[in-house]
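# Secondary and tertiary structure notes
One-letter residues, chain by chain:
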Amino acid sequence: MINEKKYLVILVLLAGVLLLAPSTIRIFNHNNYMTNSEAYNNIRIYNQGNIQYDSLQGHSTPINILNFIRLNESASNILFNVVPILLGLATIILAYLVLHKQNISEKTIVAIIALMIVSPIFIYAFTNYKIYSFVIFLNVLGLYFLMHDKIMFSVAAFVTIPFIDPFSGFVTIALLLTYMFSNQKYHTSTKIISIALFASVILSLILNSFYGYSILHMATFRMDNILTDIGANIGVSFSIIILTIIGLILLWEDGWRTLVTYILLLIFFVISLFNDTVRIYINFIIMIYAGFAFIYLTRRKWSITIIKKTTILLIICSIFFSTLVYTTKIIRSEPTPDYVDALKFVKEQSLPTEEILCSPTIGYVVEYYSERKAFLDDSIQYYNKQRHADLDIIASSRNLDRTEKLLKQYNIKYIIMDTEFESYLEDKEGLLFLIDTSNKFKSIYKNNDVEVWMYIES
Amino acid sequence: MKLESLKNAKEKPIIWLLAIFIIVLALRLYIAFDTPLFNHDAYFNLRQVEHIRETGTPLYKDPLSYEGKTQLFAPLSQYILAAFSLIMPIDIAGKIIPNVIAALIIFIVYYLSFKITKNYKISLMTSFMSGFIPIYFIDINRVSINYLAVLLMFTIIYCMLKLNERKYVDYALILMFMLVLTTPMAFVLVIGLLLYLLLLKLENFAVEMKELEIILFFTFLVFWVNLLIYKNAFLMHGLLVIWQNIPIQILSNFFGNIGFIQVLGVISIVPIVLGVYAFYAAFHLERSKEVLILISLGLSAFILLWFKLLDLISGLIILSVTLVILTAYTLKRIDVFIEKSKIHKYDKVIYISILILFLLTIIPSIISVVDSPKLGPLSTPTVGDVELLKWASVNIQQNAVIMSSLDEGDMVAYYAKRKNVMDTNFLLTPRIDQRLNDINEVYTTTFETNAIGILNKYNAKYLLVTSETLQSYGITNISYLKDDKCFEIEYIRDGTYLYKTDCKIE
């Protein structure tokens, strides 16, 4: 018992260190700004007061009950910065307790939780203010109550999820049904929860539709890099994939029930290649299989000891390498103080109706600090696909008239040229050529990180 | 006594093997030394070898390639060459050592064939064949890492077949580390070994724990080491790193379609027919674990070639050696058949006929490969090119940029020791297609301003014009170079020109 508590304390400490490390190191490097673009969007929507409509971008937003919680500035700063970390730690504790209920050995639980903590997706979900922090926490909380036969509390946790993110509600139902199918133990309780959750999802969809949010924008699908070893933003390590495959083989039981469950999991894996939400959910599931596989590999009698030691060492190094690559990436990510200065300069300089051309990945940050509409951010590209096509034209066209027509159409006055966007424009060549050769663009601000160009109409 | 000892010696396969090795090596060195120079893309490796010899480390931060960039590669092959270059000149080491490594394949082929057939005559026959596979002659003057990679791959497979002996476990581990530090082609072997596990399962063979453990270890090792080495390339190019950021224009040269006739030409009909039969026999007639592992490697190479995930030459080399070894299995089956049949008196005639057929088919193919104008080992720069570049290394500014064709970029960096605009190391270079288009434009445009604009873009003051470049563009001269206001001949040697320009487009 004492050992178990000791392990749990160590795991919680490890989680705390990993979640705090990126922002702490950034602060040491004189950069107090949050790392994640989505967090800026969430905070901006929260701060603007109108929670069903994004007045800057001009489209409706999904209903998020977190936005109903109105706090003063200092309290809201705690919400945005501290609460996600606390939710991460709470998720770890709850996951530990949930796994304990499954009669899994202590070492396997520790391995599963440890892999979960060092996974880049865990760090992504629980640093800064993202809906995933709450969604994952509520999922694990619901599972905890389910395992302890507190059905009403479990229902309360699960039914909240669609009112934070409707698509997460769908995914939760799908996974609950898969769990119900594969495991007869909590069959009735899971059934009740699934029905309640389903009703909650329907209600959420109705409310969202009522307030003008199209359910078509609920989920976005695009082919993404899923390996953090090679730079994925929301991904897994290659070693975890191998361990998961081994774990799936180890936990295979003959029978159609297992077969169907595995087929369903395979479908989820495939969908996770195209959707961030599913990938985040799947991450926590594959860690279970990976944990089993890891313990199996350490415990089994290898015929060649040296291979055992080297393989285990390789696996551990590979997993930590992936975590290190990801953590380093977010430590070095925008925005930096210089970047924010440039955006504040644009805010002072510009009119509220003017738009800014920038890299879509930094769009939310640009909108947050400049309080101006970015031509493309992570959500507009799904609401308005035409803009995506037009960005390509603007970036590659060497015809000044054609480019000007688009710039005027969208009232684009400023171009934020950071390293990433410049690299993109260099590949396309068109806009950079026009900036160099025409007298329609003027550099109005420059620092180490970013250069701001202004489009002069006449 | 002497005659008897000679007769005894003739019976020992090692003597025959050494004889085959010497013949193969002699032929290879004869072709290699037919020219004092190397193929164009050998010069990158030679520069690395020089740098390792001088400093002990590879030249990862290359100040000359693409006017300065980071190189990414696994350096073991270059280290081996550098070690030998301490006892002989670099260009001699570059000729001899890769060809010695290439010739060593006959020993591995012999031992693998013997493991399958337990027949030393058949094994000798296949080892002889392996020394004369036409495609194996293409990299004679390329200081190629393919030879070391293929040798290591098949040696690992041999060790995998002898894992019951403890020492082979250690050998396999050491060789795996070496392979991973030599080339990313280790992926081919990983996929082959994973296919082998699958085939074992399908064929109801028992999977030995040692095999499973070693394959698991190797899988992790290959993926992790390559992620470490090529991390920046993955970050920049994503999964397109598999195609090495090769410009689209020339991608088909590296990952071309494999036509059956071409395959016949570069591998020879005998190993293809007998090897494919072995594939059939291993699944339908007589199951054999040893054959399965080779089939798996062959399948891996074939699948990767088919999906254009493996460059043509490397893939064909692996495939050809695999087919030659599988030939031993077929020959064994033929031998067993002949023994039981009425024609057992003619077994020697049959084997000699097969050998003659093999020689008849490979000799024209070898000649064709060796004489190949673009890819063959004799397709080297001219002495004039080299002497001009050596002159440039002494007489032009240290930080000058020399524009040359793509193929000549490595040579420019090696002999002239000056920056080039482009060479055959494409990784980590942005807008690679544009760069190649620019170079093509310089050599083909009739407008001086276009050419000067491009030269200015890359800060190139010098333009190398060789007869080979003109030939490759299908032109006899570059018209704007007649204007000596902007372009003056800095040096000329045996039809190779170095032009200098000081003009700028404002």
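Note that the structure is a prediction, hence the values are computed from the model and not measured.

### Description of the overall build of chain A
When you go through chain A residue by residue, the secondary structure sums to 21 helices and seven strands. In summary, chain A has a C-alpha radius of gyration of 24 Å against a globular reference of 23 Å for 458 residues, a match within 12%. Its C-alpha atoms give chain A principal-axis dimensions of roughly 75 × 55 × 45 Å. Relative to its 458 residues, chain A shows a buried fraction of 42%. In chain A, the share of contacts with a sequence separation of at least 24, taken over all contacts with a separation of at least 6, comes to 70%.

### A few points about the confidence of the model for chain A
Across chain A, pLDDT averages 88, with 99% of residues at or above 70. Confidence, expressed as mean pLDDT per element, reaches its minimum in chain A at helix H17 (residues 380-383) of chain A with 72 and its maximum at helix H5 (residues 106-118) of chain A with 94.

### As for the domain arrangement of chain A
All names here are of chain A. By domain assignment, chain A separates into domain 1 (2-331) and domain 2 (337-455). For domain 1 and domain 2, the distance between their C-alpha centroids amounts to 34 Å. Taken together, the contact between domain 1 and domain 2 spans 14 residues of the former and 13 residues of the latter. Looking at the side of domain 1 that touches domain 2, the element that brings in the most residues is helix H2 (residues 37-48), giving six residues. Looking at the side of domain 1 that touches domain 2 residue by residue, the classes come out as four nonpolar, eight polar and two charged.

### Some details on unusual backbone geometry
Put simply, Glu334 of chain A and Pro335 of chain A share a cis peptide bond, and its omega is 0 degrees. Residue position: Pro335 of chain A is located in the loop between helix H14 (305-331) and helix H15 (337-349). Its identity is not glycine, yet Asn245 of chain B carries a phi of approximately 60 degrees, on the positive side. Within the secondary structure layout, Asn245 of chain B lies in the loop between helix H12 (231-237) and helix H13 (248-254).

### Examining the sheet that holds strand S3 (residues 401-403) of chain B
As a general point, the strands of a sheet are linked pairwise by backbone hydrogen bonds and lie either parallel or antiparallel. All names here are of chain B. Overall, mixed pairing links the five strands, which are arranged S4-S3-S5-S7-S6 in an open sheet. Sheet topology places strand S4 (419-420) and strand S6 (487-493) at the edges, where each strand pairs with a single neighbour. Together, S3, S6 and strand S7 (496-501) form the strand contacts of helix H19 (residues 383-395), whose direction differs from that of S6 by roughly 120 degrees.

### Considerations on helix H5 (residues 90-103) of chain B
Residue and element names in this part refer to chain B. Relative to the 20 Å expected for 14 residues at 1.5 Å per residue, H5 spans 20 Å between its end C-alpha atoms, a close match to the ideal helical length. Of all the residues in H5, the buried ones are Ala93, Gly94, Lys95, Ile97, Pro98, Asn99, Ile101, Ala102 and Ala103. Residues of H5 that are buried in the fold lie against helix H2 (13-32), helix H3 (42-55), helix H4 (76-84), helix H6 (105-117) and helix H8 (146-160).

### Points about the environment of Thr24 of chain A
Within the fold, Thr24 of chain A resides in helix H1 (residues 2-28). The spacing of Thr24 of chain A and Asp436 of chain A is 412 residues in sequence and 40 Å in space, taken between C-alpha atoms.

### Here we look at the pairing of strand S7 (residues 451-455) of chain A
All names here are of chain A. Pairing analysis gives four bridges linking strand S5 (residues 412-417) to S7, with the strands arranged antiparallel. Its bridge partner being in S7, Ile416 is matched across the sheet by Val452. Bridge count for strand S6 (residues 441-446) against S7 is five bridges, and the pairing is antiparallel. Paired with Tyr445 across the bridge in S7 is Val452. In this antiparallel pair of consecutive strands, S6 and S7, the connection spans four residues.

### So, the packing of H14 of chain A against helix H11 (residues 209-229) of chain B
Running from N to C, H14 of chain A and H11 of chain B cross one another at 35 degrees; their axes reach a closest spacing of 10 Å. Of the two possible hands of crossing, H14 of chain A and H11 of chain B adopt the one that is left-handed. Each of Ile307, Thr310, Thr311, Leu314, Ile315, Cys317 and Ser318 of chain A in H14 of chain A lies in contact with H11 of chain B, whose residues at this interface are Glu213, Ile214, Leu216, Phe217, Phe220, Leu221 and Trp224 of chain B. Taken together, the residues of the contact of H14 of chain A with H11 of chain B break down into 10 nonpolar, three polar and one charged.

### Concerning the interface of chain B and chain A
Residue-level contacts link 18 residues of chain B with 20 residues of chain A. Elements that contribute at least two residues to the side of chain B that touches chain A include exactly H11 and H12 of chain B. Tallying contributions element by element places H11 of chain B first for the side of chain B that touches chain A, with 12 residues.

### A short note on the domain arrangement of chain B
Residue and element names in this part refer to chain B. Taken domain by domain, chain B holds domain 1 (2-32 + 104-370) and domain 2 (383-501). If you average the C-alpha positions of domain 1 and of domain 2, the two centres end up 40 Å apart. Across the contact, 10 residues belong to domain 1 and seven residues belong to domain 2. For the side of domain 1 that touches domain 2, the secondary-structure elements that each account for two or more residues are H12 and H13.

Reading the values: the criteria
Residues numbered from 1 in each chain as written. Chains lettered and ligands numbered in written order. Predicted model: local features only at pLDDT ≥ 70, side-chain atom pairs only at ≥ 80, totals over all residues. Helix = DSSP H or I, 4+ residues; strand = E, 2+ residues; numbered from the N terminus. Rg over C-alpha atoms; globule rule 2.2 N^0.38 Å. Buried ≥ 20, exposed ≤ 12 C-beta atoms within 10 Å, placed from the backbone. Contact = placed C-beta atoms within 7 Å. pLDDT = per-residue confidence, 0-100. Domains from an automatic or database assignment. Nonpolar A, V, L, I, M, F, W, Y, C, P; charged D, E, K, R; others polar. Pairing = 2+ DSSP bridges. Axes fitted to C-alpha atoms, helices over the stretch in contact; angles between N-to-C directions. Expected span 1.5 Å × (residues − 1). Left-handed = near helix turned anticlockwise from the far one by under 90°.

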